[in-house]
Amino acid sequence: MSHRGPCEASGCGSRTRLLLAMLVAVCCSLAARADVGLVVETPTGLLGFLSDVGHASVWLSRGCLDATGHIQFCEHTSGLVLTSTSYWPNPGAAAIPANLFFLGESSTVHGGPAATWESTLAGAYPDVPAEQGQKYLGRAWRRSLRVVRFSTTAAEDRSAIARIEAERPSYHYSYGHRNCAYYAQSVLQHYLGGSFHGDRVLEFGVVTPRSVERALKRNLKQQGTPLQTIAFRGRFWHAWREPPRNICEAAVLDPKYAIPMLIYQPYLYAGFAGCYGLIRILAITNSVPSESFLPGAVTGKASSREQDTREAFQQLVREPDQTSSETVIASE
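Residues numbered from 1 in each chain as written. Predicted model: local features only at pLDDT ≥ 70, side-chain atom pairs only at ≥ 80, totals over all residues. Heavy atoms only, no water.

J.: I tried to follow the overall build of the protein on my own but got confused; where do I start?
T.: When its secondary structure is counted, the protein shows 16 helices and nine strands. Expressed as a percentage of the 332 residues in the protein, the buried residues total 45%. Of the contacts made within the protein by residues no fewer than 6 positions apart, 69% connect residues no fewer than 24 positions apart. Summing over all exposed atoms, the protein offers an accessible surface of approximately 16800 Å²; the carbon and sulfur share of this is 61%. (Helix = DSSP H or I, 4+ residues; strand = E, 2+ residues; numbered from the N terminus. Buried < 20%, exposed > 50% of the residue type's maximum accessible area, 1.4 Å probe, protein only. Contact = heavy atoms within 4.5 Å. Areas by Shrake-Rupley, 256 points an atom, 1.4 Å probe, with all protein chains shown as cover.)

J.: Mind showing me how you'd approach the pairing of strand β2 (residues 55-60) here?
T.: Along any regular strand, the residues point their side chains to alternate faces of the sheet. Burial runs high along β2: six of the six residues are buried. The side-chain alternation of β2 yields two buried faces, one formed by H55, S57 and W59 and the other by A56, V58 and L60. Alignment of β2 against strand β5 (residues 80-83), held across three bridges, turns out to be antiparallel. Bridge pairing links V58 to L82 in β5. (Pairing = 2+ DSSP bridges.)

J.: Explain the nonpolar core here, please?
T.: Nonpolar side chains in soluble globular proteins generally cluster together in the buried interior. Among the nonpolar cores identified, the biggest contains 63 residues, and I96, F102, W117, Y125, L188 and F232 are the most heavily contacted of them. Looking at this core, the element that brings in the most residues is helix α9 (residues 180-192), giving seven residues. Those residues in contact with Y125, other than ones at most four positions away along the chain, are L65, G69, W88, A95, I96, W117 and R168. The next biggest cluster of nonpolar side chains, apart from the first, holds seven residues, and it includes C248, V252, A258 and M261. (Core = buried A, V, L, I, M, F, W, Y, C linked by side-chain atoms within 4.5 Å.)

J.: What's the story with unusual backbone geometry in this structure? I'm lost.
T.: The phi torsion of most residues other than glycine is negative, and most of the peptide bonds are trans. A cis amide bond links N90 to the next residue, P91, at an omega of 10°. Tracing the backbone through its elements, the reader meets P91 in the loop between β5 and β6 (94-97). Not every positive phi belongs to a glycine, and H76 is a case in point at roughly 60°.

J.: Explain the pattern of salt bridges to me, please; I cannot follow it from the model alone.
T.: Pairs can form between side chains of opposite charge once their charged atoms are near each other. Counting across every chain of the model gives eight salt bridges. The salt bridge involving E41 is made with R143; its shortest N-O contact spans 3.4 Å. Here E41 is found in strand β1 (residues 33-41), whereas its partner R143 is found in the loop between α7 (139-142) and β7 (145-153), with 102 residues between them in sequence. Judged by its relative accessible area of 13%, R143 is buried. In this structure, E75 engages R62 in a salt bridge whose closest nitrogen and oxygen atoms are separated by 3.1 Å. Here the residue E75 occupies a position in the loop between β4 (71-73) and β5, and R62 occupies one in the loop between β2 and β3 (63-66), the gap between them amounting to 13 residues. Here R62 falls in the buried class, since its relative accessible area comes to 8%. (Salt bridge = Lys/Arg side-chain N within 4 Å of Asp/Glu carboxyl O.)

The quantities given are spatial measurements derived from coordinates; they are silent on function.
Below, the structure written as structure tokens:
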């Protein structure tokens, strides 16, 4: 009679191989996790006061920039921000490493935004002068902003980044029809489908940052996809400004519209107030999943605006094996 050991009797080797395969699959799936975020900046400056201009961009956590200004898929970076503006060479759209876009900092550069641009991105974008390029650096210090982010997979990112890069050089900016929000919407469509779009009905036919933000939250809610909003407080004198959700909100809350109507057309103001109240009731009734605003709502403590901004950025880019958020330039 032969005597088999416990492993032979129970198929121990097969079970071990199965467990190892499952472990590898789980590890690979975790490594493939990534995030995409809609960046919504509040209005600033005279143009912002006159026309409620905010700004919209898209942050890709697994995008990076090569030495010639092309984007590609990269793991373990702070990501990059895609944005379209009137001061970028037309056609084209900007791709800025996230730490430069949000904070405008590089550990090896001193001398202000223009010097930072010359030392980091001027080689990748030789057609962009430093006085224009510096406008893409340190956005979180000049105005408050928030990032509405959701999870994607590495496969989705690889496919989307390839298509985005193919389209980026030929994008034509125009304020009324193909503005920053329209471009952000077109980038998000690579993840959410061509049917994704902001509602233009209450925006005079223009795609606005807030309309894209509303559409994104609504789309993610319908799909049952969790979202998180990370808020950067910005400077105090810009923190109160928010792009209006719609024309009714602008008429009721924006002083440049509200004060003249209250003086000369109070009944018209009352009509807009009723419209705004109805929209807010509908918004509450169809509320999106709860959002965590960082860092105050999470840390539970008051801190300086500079510390808040840095903590928000670290929360945005942090991943388990990431300890640095320096600019990543992909190797050729």
